[in-house]
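# Per-entry structural report
As a plain string of letters, each chain reads:
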Amino acid sequence: MTSIRVAVFLAALFLFLPGIVLGQSRHDVTGVVADSADVGLQGATVVLLAPSDSALVKFAISGKDGVFALKRVDPGPYVLQVTFVGFETWSGNVEVGSEDLDVGRIALSERVSELDELVVTSEHIPIIVRSDTLDYNANAFATRPNATVEDLLRQLPGVEVDSDGAIKAQGEDVQKVLVDGKEFFGNDPKIATRNLPANAVDRVQVYDDRSDRAEFTGVDDGEREKTINLALKEDAKKGYFGNVSGGIGDAERYDSRVSVNRFSGDTQFSLLGNLNNVNEQGFSVGDYISFMGGMGAFMGGGARFVVGGGGGGPSIGTSLSDGFSETLSGGLNFNHDFSDRTSLRSSYFINSLENQQNRTLNQEQVLGTGRSSVVDEAGNQLNDNWNHRVNVNLFHELADGHDLRLRADATSSHSVLDNNRFRQTADGSDVLQNSNTSTYGSTGDQLGASVGLTYRKRLNDNGLSLVAESRMNVRDNDTGADLESLTRFYQDGNVVSDEEILQFQETLGDQFTTQQEVSLSQSFGKGLLAELTGEYRRVGDDEERSFYDIVDGSRVLNTLLSTGSERTYSYAQAGASLRRAVEGFTTGIGVNVQRSSLEGTLRGVTDPITQGYTHVLPNADARYDIRQGMSINARYNTSTREPSMRELQPFADNSDPLNVYVGNPALQPEYTHRFSLGYHFFDQFTFTSMFAFINASYTDNKIARSRTIDDQFRQTSTSVNTDGDWSFNGNVNFSTPIRPLGVKITLGNSTMFSRGLEILNGEENATRILRNSIDTRLENRDKDIFDVSAGIRFDINRTAYSLNPDQDQAYVNKTITGRGTLYLGKAWQVASELNYRIYSKEISGSQTNVPLWEASISRFFMDERLELQLSGKDLLNRNVGVNFTNTSTFVQEERIESLGRYVMFRLIYKLSGVGGPGGRGIRIG
């Protein structure tokens, strides 16, 4: 913990240092802002800029009669700039001397056409404030030539992009990325940010997108999606733009990409392609799972598909960079506005991913009072997957206040999995109890489609509106798998029994879902809205699981393991809500009454499963915009989760003989209360931001596991209802420039604390888990010659078990990062990055350090349109995937062999000169 104290001390020092070093005399700059008739203008924006680099020094808002004061300004020359809605920007040079400066009355000229926005900068400050939108000037932020939008986003104040490409803006997850206000390849934001060139973007607009219902009624319904819109430069809408690149490296490494875009005022066309074997993907983990096809059907079979490890089955790791991957992906995006009333958004995407993993795992399990086990596992697996995806979004406005929207998508997936593993389990005294050797190979095909129609109409001029939606979803799954398994049990070091499984497992399933929803809203003026809603949803599942024992080379149906089920879940819900939206404040309260029912039949069981539940689901929310860039919001809502058919069916699934699962027909639904509170602050003048939120949840009748462990460590588990399950998570992020040092500092802290219950051999085990991350990052502000940043992160994990305190775990992992780019004129660029991960020795017994160092040198030609690059990855050849996991059941360390050192020569060609030369921007913040 000493290193943590040092980091906190340094952060505090950086925060207070400016106040220490700025001990010189300062003076006030005062004046009056008026219109052409010499009437004072209240609310004008007055900024003071450094003439050398246009960095903002001070700002103020004019008060009554147009009077303003810029306090405590250092002596020296400045640029004074004044803006006001509907007036031309005024700019002039001023000199602050040894006393206060009065600039007198500044008269603004009216604009010919008034803009509905507050322009706080023209050519100097890279931001526009428009209602609840932060509008960044992309040209003012430094990016390297041939950079992607993802590289640009990393430079924007208040925007964060992690190593996997997930985006946060103002502390919230970005859920949509639009291009000129239009969808781009469906709902995956990373396809746009990782494939579009940064120099084609004119402005990056960050805002909270409202629901179709709120957009239509004009009154906020509390539903928001953090959205980024990429507004393109005008010359990007003429002709073609994009990049074509190809790279060849040692060890037979290759990487080729293409991004071709043709945009105009009413049409967008994009072609994307990617072929590589260097673990680079242009899509998200969600896409990866979706085109795993029938992998979901493998769960409960001889192997398990687990993201991030945990549980002893096959794992794709916590990152797509784990293992060795070969990727082929491509897609077409076509958007067209047929008229002012009709538009089409469509895309097609194909993915192929082959991933090879060799992994080892060490896991410590809690098994009851004074009982524990240690699991060691080694294995390898190969995933080979293909996926096709089509999205269509068609909108037509029938008349003013009367429109239709059709959304449809379809997917087709084919997946192959081959897994081999060896696992052994010892007791807490390190005495071997059992071992298992298994080979599992499966092939799965999955088809899916969904279609939704939204109808909206204003019924009169008095604020009465109707919104109706109908959705349908179908899914079909076909999976076949071969399992060979040998389990041995030991006593005093000797084998006492063997259990062998040789099976073919087949799963056939389909699902059909229909949903209808209608809402009637009435506006009463002054932001008051009342709404009545009704919804009916029906989910039908049909599944057949057939297990065949292989006897003398022939398949013999195992009737004890084979099951079949049909189930129908239906939901009927009615609700009422009342909302009030006034300037700066929105609040709402509502309640829904939900009746859900389950009807199901099981193969071989005479009595059907019939369940019915009625729940009252209240909700409330409030948002207060304290001032521009500062808001606070709170939300409370409730939800239910009904048990699945597998959790209800009274059959044993012993395809893994060491972990048998039995359903529980007496299960009741979960009922969860959630509360969230958030605070957002962003000062567009000083570029200081602070984002904070807390989320808390409590669940009644939590569906948890009850495990029974015998003397040879075979486990039988079932689902039961428990109470007392709750969780808490919070995050604080603070960022500000330190101008005397020429740097920007970012401080962050995120915390998760949870309490869950599990039954072990009839005893209640309460698990408390704490995860806390502290990180600090520094970067330079003036990026014209070089761009440098450094940071450190501490990940603190603690797990406590009520039944077995000896198994409590506490460990701290650390990550040190450094990145630098040097611009040697317009022709040369040198870059290097170090990611140094230090893993705790508390779990594995020895500390593991993984330094990942990469570097590159680039030479540019043809006004930076052609780049020749020589790069090296993992130059120290130390890469390995290390994943630590702590849960209510176990703590584990997983290691996966990963792609090591290679050197690559790459050629990158920019298809057009859109945006002019890439590279540096002015100093900001």
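All values reported here derive from a predicted model rather than from experimental measurement.

A few words on the overall build of the chain. Counting secondary structure elements, the chain contains 7 helices and 51 strands. Of all 925 residues assigned to the chain, the portion counted as buried reaches 51%. Counting only contacts in the chain whose residues sit at least 6 apart along the sequence, the fraction spanning at least 24 positions is 65%. Of the roughly 40,100 Å² of accessible surface on the chain, a fraction of 54% belongs to carbon and sulfur atoms.

This next bit is on the sheet that holds strand S1 (residues 27–34). Strand order in the open sheet formed by 3 strands is S4-S1-S7, with mixed pairing between adjacent strands. Single-partner strands in this sheet number two, and they are strand S4 (67–73) and strand S7 (101–107). Taken over all neighbouring pairs, the strand axes of this sheet differ in orientation by 15 degrees on average, direction set aside. As defined by bridge partners, S1 adjoins S7 across 5 bridges and the pair is classed as parallel. Each bridged residue has a counterpart across the sheet, and for Val33 the counterpart in S7 is Ile106.

On the secondary structure map, Leu108 appears in the loop between S7 and strand S8 (127–130). Residues Leu108 and Trp90, spaced 18 residues apart in sequence, show a C-alpha to C-alpha distance of 6.6 Å. Apart from residues lying up to four places away in sequence, Leu108 is in contact with Val33, Ala34, Asp35, Ser36, Leu41, Val82, Phe84, Phe87, Glu88 and Trp90.

Another point: the nonpolar core. Within the largest apolar cluster, 38 residues are counted, with the highest numbers of intra-cluster contacts made by Tyr136, Leu153, Phe184, Val204, Ile228 and Leu230. Looking at this core, the elements with two or more residues in it are strand S9 (133–137), helix H2 (149–153), strand S10 (159–161), strand S11 (167–169), strand S13 (176–179), helix H3 (189–195), strand S15 (201–210) and strand S16 (224–232). Setting aside its immediate chain neighbours within four residues, Leu153 contacts Val159, Val161, Ile167, Thr193, Val204 and Ile228. Counting 19 residues, the second-largest nonpolar core is a separate cluster that includes Val33, Leu48, Val82 and Val94.

Time to look at the confidence of the model for the chain. One rule of thumb: low pLDDT means the predicted coordinates there are not for detailed reading. Considering every residue of the chain, the mean pLDDT works out to 82; 85% of them sit at 70 or more. Counting contacts from residues 113–125, a segment whose pLDDT is below 50, to residues more than four positions away or on other chains yields 35 contacts. Note that residues 916–925 has pLDDT below 50 and, in this model, 42 contacts with residues that lie over four places away or in other chains.

Let us now look at the packing of aromatic side chains. Considering all chains together, one arrives at 6 aromatic pairs under this definition. With a centroid separation of 6.3 Å and 35 degrees between ring planes, the pair formed by Phe504 and Tyr548 is classed as tilted. Taken as a pair, Phe504 in strand S28 (residues 494–523) and Tyr548 in strand S29 (residues 528–551) lie far apart in primary sequence, 44 residues in all. With a relative accessible area of 12%, Phe504 lands in the buried category. Residue class for Tyr548 comes out partly exposed when judged on its relative accessible area of 22%. A centroid spacing of 6.2 Å and a plane angle of 65 degrees characterise the contact between Phe585 and Tyr624, whose relative ring orientation is edge-to-face. Taken together, the residues Phe585 in strand S32 (residues 585–602) and Tyr624 in strand S33 (residues 609–627) connect sequence positions 39 residues apart. We classify Tyr624 as partly exposed; its relative accessible area is 39%. The residue whose ring lies beneath Arg537 is Tyr571, and the NZ or CZ to ring-centre distance is 4.2 Å.

The next subject is the sheet that holds S10. With respect to topology, 3 strands assemble into an open sheet ordered S10-S11-S12, the strand pairing being antiparallel. A strand with exactly one partner marks an edge of an open sheet, and here the two such strands are S10 and strand S12 (172–173). In terms of strand pairing, S10 meets S11 through 3 bridges, oriented antiparallel. Along S11, the bridge assignment pairs Val159 with Ala169.

A word on the environment of Thr885. Secondary-structure assignment places Thr885 in strand S49 (residues 880–886). Looking at Thr885, the relative accessible area reads 15%, which means it is buried. For the pair Thr885 and Asn797, spaced 88 residues apart in sequence, the C-alpha separation works out to 9.3 Å.

You can see Ser706 is positioned in strand S39 (residues 702–709). Since its relative accessible area comes to 15%, Ser706 is described here as buried. Here Ser706 is in contact with Thr716, Ser717, Thr718, Val720 and Ile759, once residues within four sequence places are set aside.

It is worth spelling out unusual backbone geometry at this point. Excluding glycine, residues mostly have negative phi values, and the peptide bonds linking residues are mostly trans. One non-glycine residue, Asp180, lies in the positive phi region at around 50 degrees. By secondary structure assignment, the location of Asp180 is in the loop between S13 and strand S14 (182–183). Phi angles above zero are rare outside glycine, and Asn761 is one such case at about 50 degrees. Residue position: Asn761 is located in the loop between strand S42 (743–760) and strand S43 (763–780). Accessibility expressed as a relative area gives 33% for Asn761, which makes it partly exposed.

Applying the stated criterion across every chain, the model contains 32 salt bridges. Across the salt bridge formed by Arg906 and Asp255, the nearest N and O atoms sit 2.9 Å from each other. Linking Arg906 in strand S51 (residues 902–910) with Asp255 in strand S18 (residues 254–263), this pair joins segments that are 651 residues apart in sequence. You can call Arg906 buried: its relative accessible area is 11%. Since its relative accessible area comes to 2%, Asp255 is described here as buried. Between Arg341 and Asp400 there is a salt bridge, and its shortest N-O distance comes to 3.4 Å. With Arg341 in the loop between strand S22 (324–337) and strand S23 (342–368) and Asp400 in the loop between strand S24 (371–399) and strand S25 (402–427), this residue pair connects regions lying 59 residues apart in the sequence. For Arg341, a relative accessible area of 33% translates into the label partly exposed. Look at the salt bridges and you will find they share partners, linking Asp255, Arg257, Glu280 and Arg906 into a network.

Another point: the pairing of S13. Bridge count for S13 against S14 is 2 bridges, and the pairing is antiparallel. Looking at the pairing, Leu178 lines up with Glu183 of S14. Here S13 folds back onto S14 in antiparallel fashion, the turn holding 2 residues, of which Asp180 has a positive phi close to 50 degrees.

A few words now on a negative patch on the surface. On the surface, a cluster of negative charge is contributed by Asp445, Asp476, Asp478 and Asp510. Summarising the element assignment, Asp445 is placed in strand S26 (residues 432–458). A relative accessible area of 36% places Asp445 in the partly exposed class.

To continue, consider the environment of His673. Residue position: His673 is located in strand S37 (residues 670–683). For His673, a relative accessible area of 25% gives the class partly exposed. Apart from the residues lying within four places of it in its own chain, the contact partners of His673 are Tyr636, Asn637, Thr638, Ala696, Ser697, Tyr698 and Asp700. A polar atom in the side chain of His673 sits 2.9 Å from the side chain of Tyr636.

Cut-offs and rules
In this convention, every chain numbers its residues from 1, walking through the sequence in written order. Residue-level local features of this predicted model are given only where pLDDT is at least 70; pairs of side-chain atoms are given and counted only at 80 or more, and the full residue set underlies all totals for whole chains, interfaces and linings. Remark: hydrogens and water are excluded; side-chain values derive from all non-hydrogen atoms of the structure. Secondary structure is summarised from DSSP: a helix means a run of H or I of at least four residues, a strand means a run of E of at least two, and numbering begins at the N terminus for each. Exposure classes here rest on a 1.4 Å probe applied to the protein chains alone. A residue is buried below 20% of its type maximum, exposed above 50%, and partly exposed in between. The contact definition used throughout considers only heavy atoms, calling two residues in contact when any of these lie within 4.5 Å. Using a 1.4 Å probe, accessible areas were evaluated by the Shrake-Rupley method; residue-level cover was limited to the displayed protein chains. Any two strands with at least two DSSP bridges between them are considered paired. Here an angle of 0 to 180 degrees is reported between the N-to-C directions of two axes, which are lines fitted to C-alpha atoms, with helices fitted over the stretch in contact. Here the nonpolar core consists of buried residues drawn from Ala, Val, Leu, Ile, Met, Phe, Trp, Tyr and Cys, with membership extended through side-chain atoms lying within 4.5 Å. pLDDT measures the predictor's confidence residue by residue and takes values from 0 up to 100. Here a Phe, Tyr or Trp ring, Trp counted by its six-membered ring, pairs with any other such ring whose centre lies within 6.5 Å, and the pair is stacked when the planes are under 30 degrees apart, edge-to-face when over 60, and tilted otherwise. Lysine NZ or arginine CZ positioned within 6 Å of the ring centre and within 35 degrees of the ring normal marks a charge as sitting over the ring. The salt bridge definition used is simple: a Lys or Arg side-chain nitrogen within 4 Å of an Asp or Glu carboxyl oxygen. Each patch is assembled from residues with relative accessible area greater than 30% and no salt bridge, linking like charges that lie within 9 Å and nonpolar side chains (Val, Leu, Ile, Met, Phe, Trp, Tyr) that lie within 5 Å. Positive charges come from Lys and Arg, negative ones from Asp and Glu, while His and the chain ends are left out of the count. Charge coordinates come from a single atom per side chain, which is NZ of Lys, CZ of Arg, CG of Asp or CD of Glu. Polar contact criterion, stated in full: a pair of N or O atoms within 3.5 Å, where within protein one must be able to donate a hydrogen and the other to accept it, and residues adjacent in sequence count only if both atoms are side-chain atoms.

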